[in-house]
Amino acid sequence: MPRDVARRATAGATKVGGRRGRWASGAEGGVLTDYRSKTRNWIVPLLGKHRLDRLSPEHLDAAYMLMLERDLSPSTVLKIHRILSRALKIAERRGRISRNVASLVDTPAVAPNEIEPLTREEARRILEVAASKRNGARWSVALALGIRQGEALGLLWSYVDLETGVIRAWFQVQRLA
């Protein structure tokens, strides 16, 4: 049996999730943690029994429907689809599968979120409570700049220009699981 045929024969026996983590080599930090979590909690339990070469668009449709029935938000299902699509794209490029079935599935529709800003009174109450807390400055800065808590924690003096009044929230601090 030629080497390429033998490789393809054994490659097809790989199950979904059987080589997980190898396709996420460019991810780091919170992104990698999120990929691993979604793979462990959703992709492998719902699709892990299927061989890569026998995975069909119908398998993905059924998995996505089940996720939505279990009250996963459409945006989370879309993230899972993107993770799976990326993994299958790499498997296709490496000759483990002949086609990426995720590209044959309509992605879950996500309605845009309407952001509801705080009222002045709500903002005042937050600032009053923050003033009495040890880390209250973080809350005040985040509220004033409209940045996330992790971004407020990631601020360094080198990102603050007092002369121009510019603050650059370039990094964020995240808790590692």
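(A) The arrangement of the overall build of the protein chain in detail. Within the protein chain one finds seven helices and two strands. Helices and strands appear in the protein chain in the N-to-C order α-α-α-α-α-α-α-β-β. Relative to its full complement of 177 residues, the protein chain shows a buried share of 31%. Contacts in the protein chain between residues at least 24 apart in sequence constitute 51% of all its contacts with a sequence separation of at least 6. Per element, the accessible surface of the protein chain, about 12700 Å² overall, is 52% carbon and sulfur.

(B) Fine view of unusual backbone geometry. One non-glycine residue, aspartate 71, lies in the positive phi region at around 65 degrees. With respect to the helices and strands, the residue aspartate 71 is situated in the loop between helix 3 (57-69) and helix 4 (74-93).

(C) The arrangement of a positive patch on the surface in detail. The grouping of Arg86, Lys89, Arg93 and Arg94 at the surface amounts to a positive patch. As for its position among the elements, lysine 89 is in helix 4. Classification of lysine 89 by relative accessible area gives partly exposed; the value is 45%.

(D) Spatial organisation of helix 4. Taking 1.5 Å per residue, 20 residues should reach 28 Å; helix 4 reaches 28 Å between its end C-alpha atoms and fits that length. Among the residues making up helix 4, those that are buried are Val77, Leu78, Ile80, His81, Ile83, Leu84, Ser85, Ala87, Leu88, Ile90 and Ala91. Once helix 4 ends, the next one or two residues include glycine 95, with phi positive near 80 degrees.

(E) Summary view of the layout of surface pockets. Its boundaries defined by the atoms lining it, the second largest pocket holds a volume of some 170 Å³. Lining of the second largest pocket is provided by Ile115, Glu116, Pro117, Leu118, Ala142, Leu143 and Gly146. The residue inventory of the lining of the second largest pocket, partitioned by class, reads five nonpolar, one polar and one charged.

(F) Structural detail: the pattern of salt bridges. Throughout the structure, instances matching the rule amount to four salt bridges. Lysine 38 serves as the salt-bridge partner of aspartate 34, at 2.5 Å between the closest nitrogen and oxygen. Residue aspartate 34 and its partner lysine 38 are both found in helix 2 (residues 29-47); the two are separated by four residues, about one turn of the helix. Judged by its relative accessible area of 27%, aspartate 34 is partly exposed. Lysine 38 sits in the buried class, given a relative accessible area of 10%. Taking the shortest distance from any N to any O, the salt bridge between arginine 125 and glutamate 121 comes out at 3.9 Å. Separated by four residues within a single helix, arginine 125 and glutamate 121 lie in helix 5 (residues 120-131), roughly one turn from each other. Judged by relative accessible area, glutamate 121 falls into the partly exposed class, the value being 42%.

(G) Structural context of the environment of alanine 130. Note on placement: alanine 130 falls in helix 5. Expressed as a C-alpha distance, the spacing of alanine 130 and serine 140, which sit 10 residues apart in the sequence, is 7.0 Å. For alanine 130, the contacting residues outside a window of four places in its chain are Gly136, Trp139 and Ser140.

Conventions we followed
- Residues numbered from 1 in each chain as written.
- Predicted model: local features only at pLDDT ≥ 70, side-chain atom pairs only at ≥ 80, totals over all residues.
- Heavy atoms only, no water.
- Helix = DSSP H or I, 4+ residues; strand = E, 2+ residues; numbered from the N terminus.
- Buried < 20%, exposed > 50% of the residue type's maximum accessible area, 1.4 Å probe, protein only.
- Contact = heavy atoms within 4.5 Å.
- Areas by Shrake-Rupley, 256 points an atom, 1.4 Å probe, with all protein chains shown as cover.
- Patch = residues over 30% accessible without salt bridge, like charges linked within 9 Å, V, L, I, M, F, W, Y side chains within 5 Å.
- Salt bridge = Lys/Arg side-chain N within 4 Å of Asp/Glu carboxyl O.
- Lys, Arg positive; Asp, Glu negative; His and termini not counted.
- Charge placed at Lys NZ, Arg CZ, Asp CG, Glu CD.
- Expected span 1.5 Å × (residues − 1).
- 1 Å grid on protein atoms, 1.4 Å probe; cavity = no way out; pocket = protein on both sides within 12 Å on 5 of 7 lines; lining within 4 Å.
- Points joined across faces, edges and corners; volume = space filled by probe spheres on them.
- Nonpolar A, V, L, I, M, F, W, Y, C, P; charged D, E, K, R; others polar.

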